[in-house]
Structure formats: C-alpha cells, structure tokens
Amino acid sequence: AEGVAGGGGGHTVGPGAVERIIQAQALHNMALVFSNNLNRYKEALAHEKKAYAIYRLVLGESHTFTVNSSHFLRRFTEQAVDQSTKQRKFDIDQNLIAAASGRMHLTKGKLPVEAATNGMDSSEGLNGLTAEKKKKKKKKKAGK
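Since the structure is predicted, the reported quantities are computational estimates derived from the model, not experimental observations. (Residues numbered from 1 in each chain as written. Predicted model: local features only at pLDDT ≥ 70, side-chain atom pairs only at ≥ 80, totals over all residues. Heavy atoms only, no water.)

Draft legend 1. Structural context of the overall build of the protein. The helix and strand tally for the protein stands at five helices and two strands. The secondary structure elements of the protein, listed N-terminal to C-terminal, are β-β-α-α-α-α-α. A buried classification covers 26% of the 144 residues belonging to the protein. Looking at the protein alone, contacts between residues at least 24 apart form 47% of all its contacts between residues at least 6 apart. Split by element, the accessible area of the protein, about 10,200 Å² in all, is 57% carbon and sulfur. (Helix = DSSP H or I, 4+ residues; strand = E, 2+ residues; numbered from the N terminus. Buried < 20%, exposed > 50% of the residue type's maximum accessible area, 1.4 Å probe, protein only. Contact = heavy atoms within 4.5 Å. Areas by Shrake-Rupley, 256 points an atom, 1.4 Å probe, with all protein chains shown as cover.)

So, in structure tokens, the structure goes:
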C-alpha cells in the first residue's frame, strides 16, 4: 500500500487509489472550468459531486481534498440555485413583457396568444374568441 500526501493524517490507500485520486482531481478541475470560465454551475456541481464521492471513498471524510471538495459542493450548489432563480425570474419577466405587448411566443408547450385567438385582433382577446364560437354554433343550429 502507498501513502498519499495531504491532510489525511498519513491515510494509506490501496492499489488503484492514486489513479482514482487523479480522476477526482480531473473532475474537480473540470468543475472549476464549468464554474469559473463558463458560468455553467449545474455542470460544475455534477463534476464536483463525482470528485467528492471518490475523495470520500478513497481518502476518507477528514482528508483535506475531501473537505475542500465539500466546500466547493456548497459553493456550486449556491451558484446553481442562484442562476436557476435568476433565469426563472428572467423568463417570467419576458413572458409578462410579451403578453403586455400582445405577442406571446411558444414557451414550454404553451400556445401563443395569436394561436389561441385564431388571428383575431389582440384587442378582442379571448372574449372575441368566445363570441366567434357562439356565432358558429348559431350558424350550425340555423342550418339544421
């Protein structure tokens, strides 16, 4: 067995452990790139979770690498939640602006206002749609 340097109190690891620690370091470095360079915090979090799992398994919870990874997990989680919250708020604001200006766009499978009103003038709104349906029903009844 070989010893691994670091804050693990001389923690001894078995065969293949060095390769696993190198793998964890690569995952951690990828997480840093996703976070610091690309602002893609969900991806950063996913990579750091894998790195943390390896550090914990191979080096134990009290090792410096594991503890540092735990701190990065918290940081990436906070950043991912913050980014998601801001994106959700932005999407809501954009939909409100579009609705106020009378031009809704397709979002997550919802129909735009133009499709829901069958091309009617936006000032008629859904009341115009209801009136149009009533006219069609009257024509059908009159035709019978």
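Now that the structure is up, let's keep going.
Draft legend 2. Inspection of helix 3 (residues 64-100) at higher detail. End to end, helix 3 covers 54 Å across 37 residues, agreeing with the expected 54 Å (1.5 Å per residue, within 8%). Elements that come into contact with the buried residues of helix 3 comprise helix 1 (17-37) and helix 2 (41-59). Just beyond helix 3, the residue with positive phi is G102, at close to 85°. (Expected span 1.5 Å × (residues − 1).)

Draft legend 3. Quick look at the packing of helix 2 against helix 3. Packing of helix 2 against helix 3 brings their axes to within 9 Å, and their N-to-C directions diverge by 160°. Regarding the angle of helix 2 to helix 3, the classification is roughly antiparallel. In this structure, helix 2 meets helix 3 at a crossing whose hand is left-handed. Along the contact surface, helix 2 presents Y41, K42, A44, L45, E48, K49, A51, Y52, Y55, R56 and L59, while helix 3 presents F65, T66, S69, S70, F72, L73, F76, T77, Q79, A80 and Q83. Its residues placed into classes, the contact of helix 2 with helix 3 shows 12 nonpolar, six polar and four charged. (Axes fitted to C-alpha atoms, helices over the stretch in contact; angles between N-to-C directions. Parallel < 35°, antiparallel > 145°, perpendicular 65-115°, else oblique. Left-handed = near helix turned anticlockwise from the far one by under 90°. Nonpolar A, V, L, I, M, F, W, Y, C, P; charged D, E, K, R; others polar.)

Draft legend 4. Geometry of the pattern of salt bridges. By the definition in use, this model includes four salt bridges. With its nearest N and O atoms 3.3 Å apart, the salt bridge here joins R40 to E43. By relative accessible area, E43 is classed as partly exposed at 29%. Of the charged contacts, one joins K86 and D82 as a salt bridge, the two residues approaching to 3.3 Å between their closest N and O atoms. Residue K86 and its partner D82 are both found in helix 3; the two are separated by four residues, about one turn of the helix. Among the residues examined, D82 registers a relative accessible area of 39% and is labelled partly exposed. (Salt bridge = Lys/Arg side-chain N within 4 Å of Asp/Glu carboxyl O.)

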